[in-house]
Structures are given as C-alpha cells and as structure tokens.
Amino acid sequence: MTPPKNKKTRADEDDEQTMSDEGVGNLFSGGGAASSNALAGWATPQTSAPAAAPLRPAPVQAAPVAPVAVVPSPAREPVDEAPPAVNDADTAKPVGFYVSTNVANRFRKLRKQSDLTHTQIVFLAVEAAVEKGLAQVVEDARRAPKFQSKLFAVAPDNTDLRGLGPVQLQYKPTRAQRGVIDGLVADAGLPDHTKFLAVVLDQYLPGRRDA
C-alpha cells in the first residue's frame, strides 16, 4: 500500500530528530570548538602586521688606535760653524816697495847669485833686523838732520833714511806673512811698509851700504 504524499513515516521522523540533536549539540558542546573558533576569527577583523624595516648593515667601527708616544728631541743650541779653512798660500799677493838704486842693484845681484826668490830675500833681511834690534837698525839708517839745534828738539826725518829711493821692487807675502811684517813696522816706529823694507835691506844685502 502506497503511503500518502507529504506524510512522514516513523523512520523519517527518527532520522530528522537525530540530525537535529547532533547539529544543535555541536554548537554548544566541546566538539564544536573548532567551528566556534573559525567563526570568531572570521568575525573579528585582523590587523595587518607592520612591514618589517629594511635591514641596514651595522656601522663598522674602526679598531681603536693606540696612541704613539712622541719622544721630544732635545733642543739644540745654535752652533756657529767655523768658516772653511783657507790655505794661506792662496792669499799671497805681490806687494811693491821702493828702494835706492844702490839697494836695488845689490838686491838683483844676490838674486842672480843664489837660488833665493825676492820674497825669501826680504824675509832674511827682516829676520836679521829683528835679531840685531829694530830700534838700532832704524837709528843706523837715519842721516843727520839738516837742521840742528842745541836748544830745540828736532823731530826725526823719516823721509831721509838710508835705503830709500825711486826704484820699485816686489815680493809676494801671504796674508799672514804681511800681517807679521806690518806688526814689525809698528814696532820700529816707522810710518809705512816701504820705509821699513828699504832700511832692513840696505843693512842686510852684501856690498856697500848707502851713504
């Protein structure tokens, strides 16, 4: 016999009741936790995580440099450097002086008869005068003054000495040797180089001396 339409059978009612109980029970029982959490997550708006900042390389720190100990150099006092030594022979220069004709002839004769130079002859004459005594050599070279007085003192005439004249001779002393002779000229009390050499040569050279 065919059951009437839209009329539920007993079996159908039992199935609906079972499904209905299970569905409602899952919403409140522990077994429906997963479904509940899923719904809660869907309903709650989720905030987006902030974008991570780009990584920057850490600055490289230079290794600390140990300080270098500076040792102060000792202060040096300025030292005056001595000028380079000059060979005295390099300073030799010709020096002229004047003698009488008689002295010049005797001078040249000795020069020819010996191996001595003009300079060496002059040095020998100066040494001989020093050994004899410069004051005595000059006194012997003086002529008697033209004017004499017993009451008034007469100054010596250094322009009228034996050995002086118009003939020029030369010798070549170094700077140091010329300095020695200049000192002897002052010691002799004569005014210049020429008068000193004329006097000493007249008394040293072989031959007749000036009258």
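Scroll up to find the structure.
Here goes a summary of the coordinates provided. Residue positions within a chain follow its written sequence, with the count starting from 1. For a predicted model such as this one, the threshold for reporting local features is a pLDDT of at least 70, and the threshold for listing and counting side-chain atom pairs is 80 or more; totals across whole chains, interfaces and linings nevertheless cover every residue. Side-chain metrics in this entry use all non-hydrogen atoms of the structure; hydrogen atoms and water are not considered.

This paragraph deals with the pattern of salt bridges. A pairing counts as a salt bridge when a side-chain nitrogen of Lys or Arg comes within 4 Å of a carboxyl oxygen of Asp or Glu. Enumeration according to the criterion identifies 5 salt bridges in this entry. Residues Arg 143 and Asp 160 are paired through a salt bridge, measuring 2.9 Å at the closest nitrogen-oxygen approach. With Arg 143 in the loop between α5 (134-141) and β2 (167-171) and Asp 160 in the loop between α5 and β2, this pair connects stretches of sequence that are 17 residues apart. Measuring nitrogen to oxygen at the nearest pair gives 3.1 Å for the salt bridge that ties Arg 178 to Asp 182. One end of the pair is Arg 178 and the other is Asp 182, both in helix α6 (residues 175-188) and 4 residues apart, which spans about a single turn. Type-normalised accessible area, obtained with a 1.4 Å probe on protein chains alone, sets the label of each residue: buried when under 20%, exposed when over 50%, and partly exposed for intermediate values. The class for Arg 178 is partly exposed, based on a relative accessible area of 28%. Helix and strand assignments come from DSSP, with helices taken as H or I runs of at least 4 residues and strands as E runs of at least 2, each series counted from the N terminus.

Let us look at helix α7 (residues 193-204). In this model, α7 (12 residues) spans 17 Å end to end at C-alpha, consistent with the 16 Å of a helix rising 1.5 Å per residue. Summarising burial for α7: 10 of the 12 residues are buried, a large majority. Along α7, the residues that are buried comprise His 193, Lys 195, Phe 196, Leu 197, Ala 198, Val 199, Val 200, Leu 201, Asp 202 and Gln 203. Elements that come into contact with the buried residues of α7 comprise β1 (95-99), α3 (101-113), α4 (118-132), α5, β2 and α6. With a side-chain oxygen positioned 3.2 Å from the backbone nitrogen of Thr 194, the residue opening α7 is Asp 192. Any helix carries an expected span of 1.5 Å times its number of residues minus one. In this analysis, two residues are considered to be in contact whenever any of their non-hydrogen atoms come within 4.5 Å of each other. What qualifies as a polar contact is a pair of N or O atoms within 3.5 Å, subject to a donor-acceptor requirement within protein and to the restriction that residues adjacent in sequence count only when both atoms come from side chains.

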